[in-house]
Every structure is written in C-alpha cells, then in structure tokens.
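Listed below, chain by chain, are the residues.
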Amino acid sequence: MKTLTFDFDNIGGIQHVYAIPAEVFQAITVNYATLRRAISMLSTTDVVKIPVFADESFSFQEPHARDEHGDYWQPSISGVIPAASFANADLIDTLERGEWVVVHIDQNSVQRVSGDEETPLIFQSTADTGTMYADRNGCSFTFTGKLGHPSYIIDHNME
C-alpha cells in the first residue's frame with residue numbers, strides 16, 4: 001500500500017519569487033540517483049527578483065484538467081508590487097512584454113519551477129490606485145500559462 005505523507009507544520013503563502021527570462025533558461029535537469037530536479041540557466045543577470053509581502057498578497061495555484069489533447073496544468077503565481085514609481089516602471093514593462101520561467105518558494109521552503117523552455121509563462125498585470133485610503137495602491141500581477149506537466153519541485157539555490 002502506498003501512503004501520502006502529511007506535514008502538519010504546514011504554512012500557506014509564498015516567500016520568494018524569481019522571474020527568469022525564457023531566453024536565458026536552459027533546462028530542468030534531473031539527478032537520477034536522487035530523483036531531485038534543478039534548473040540551469042545561461043546567466044542570472046536578467047533574473048527579476050520580486051520582493052514578497054509577509055501577508056496574503058502572494059499565492060500559487062495550479063489546477064489540473066484534461067481535454068481531448070490530454071492532461072494539462074495551469075500554474076498561476078500572483079502577487080502585488082506596491083506603489084507606482086519611476087524606479088519600477090521599466091522593470092514592470094519588461095515583465096509585461098517578456099516570457100518567463102518562474103521559480104517560487106513557498107512558506108514551507110518548497111521550491112517550484114513553473115514553465116520551461118518550451119512553454120514559458122506570461123506576466124499579466126493591473127495597475128490600481130484603489131478607491132479608499134486603506135486600499136492597495138500598486139500593480140497586481142499574475143504569471144500564468146498552460147503546461148503539459150505540473151510545476152516541478154526543485155532543489156536549487158537562487159541566491
């Protein structure tokens with residue numbers, strides 16, 4: 001009999017997000033001795049690190065579905081970049097116009113990679129000032145795509 005394991009010290013949310021330009025991402029590699037995956041890239045120069053709020057503003061979801069072409073997964077990594085600024089405008093424009101492989105690390109320190117060299121994710125954003133004083137003012141975003149495999153858990157140090 002096979003049994004799932006449960007970690008009862010489970011914490012929700014994301015602690016880090018890294019957007020890797022599809023053109024510098026090389027591959028997801030597998031160590032067949034340990035069955036652990038890692039990523040390889042040509043360079044880390046153009047990787048975009050998106051700081052994460054320590055609240056409920058960042059999340060990862062990945063629904064699985066099946067159609068006439070087979071199984072597919074739709075990862076969605078969402079968050080907020082606070083306050084419109086000149087400092088972030090060019091980088092947000094770069095994110096909006098690019099294709100990305102996204103490494104995200106959850107609050108349990110599990111690292112996943114969403115997207116790959118053949119099916120990168122896109123960055124969709126919405127600028128919003130809010131309507132009330134207490135509302136968020138900034139850019140909410142989602143990296144999303146449709147993949148033929150789920151996001152892989154990886155063993156990789158992004159720093």
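In short, a report on the structure. (Residues numbered from 1 in each chain as written. Predicted model: local features only at pLDDT ≥ 70, side-chain atom pairs only at ≥ 80, totals over all residues. Heavy atoms only, no water.)

**Overview of the side chain of D106**
And step 1. Mapped onto the elements, D106 comes out in strand 9 (residues 99-106).
And step 2. A polar atom in the side chain of D106 sits 2.8 Å from the backbone nitrogen of N108.
And step 3. If sequence neighbours within four positions are ignored, D106 has contacts with G13, I14, Q15 and R112. (Helix = DSSP H or I, 4+ residues; strand = E, 2+ residues; numbered from the N terminus. Polar contact = N/O pair within 3.5 Å; in protein donor to acceptor, adjacent residues only side chain to side chain. Contact = heavy atoms within 4.5 Å.)

**Details of the pattern of salt bridges**
And step 1. What the rule picks out here adds up to four salt bridges.
And step 2. The residue R97 makes a salt bridge to D93 at a minimum N-O spacing of 2.7 Å. Taken together, the positions of R97 and D93, both in helix 1 (residues 86-97) and four residues apart, correspond to about one turn of that helix.
And step 3. Its relative accessible area of 30% is what places D93 among the partly exposed residues.
And step 4. The salt bridge involving D106 is made with R112; its shortest N-O contact spans 3.6 Å.
And step 5. A residue is classified by how much of its surface remains accessible, and D106, at 14% relative accessible area, is buried. (Salt bridge = Lys/Arg side-chain N within 4 Å of Asp/Glu carboxyl O. Buried < 20%, exposed > 50% of the residue type's maximum accessible area, 1.4 Å probe, protein only.)

**Things to note about the side chain of S151**
And step 1. Residue position: S151 is located in the loop between strand 12 (138-144) and strand 13 (152-154).
And step 2. Here E62 takes part through its side chain, which lies 2.7 Å from a polar atom of the side chain of S151.
And step 3. Apart from the residues within four sequence positions on either side, S151 is in contact with F60, E62, P75, R112, V113 and S114.

**Some points on a nonpolar patch on the surface**
And step 1. Together, L4, F6 and F8 line one region of the surface with nonpolar side chains, adding up to about 480 Å² of accessible area.
And step 2. Relative to the assigned elements, F8 resides in the segment before strand 1 (14-21). (Patch = residues over 30% accessible without salt bridge, like charges linked within 9 Å, V, L, I, M, F, W, Y side chains within 5 Å. Areas by Shrake-Rupley, 256 points an atom, 1.4 Å probe, with all protein chains shown as cover.)

**Section: the packing of aromatic side chains**
And step 1. For the structure shown, the criterion picks out four aromatic pairs.
And step 2. With a centroid separation of 5.8 Å and 70° between ring planes, the pair formed by F58 and F141 is classed as edge-to-face. Remark: F141 occurs in strand 12 and F58 occurs in the loop between strand 4 (48-50) and strand 5 (59-61); sequence separation between them is 83 residues. The same class applies to F58 as to F141, namely buried.
And step 3. Considering the side-chain rings of F141 and F143, the 5.7 Å spacing of their centres and the 75° angle between planes classify their relative orientation as edge-to-face.
And step 4. With relative accessibility at 0%, the residue F143 sits in the buried group.
And step 5. Here a set of aromatic residues connected by ring pairs shows up, and it is made of F58, F123, F141 and F143.
And step 6. Seen from the ring of Y72, K146 lies directly overhead, with NZ or CZ sitting 4.1 Å from the centre. (Phe/Tyr/Trp six-rings, centres within 6.5 Å; stacked < 30°, edge-to-face > 60°. Lys NZ or Arg CZ within 6 Å of the ring centre and 35° of its normal.)

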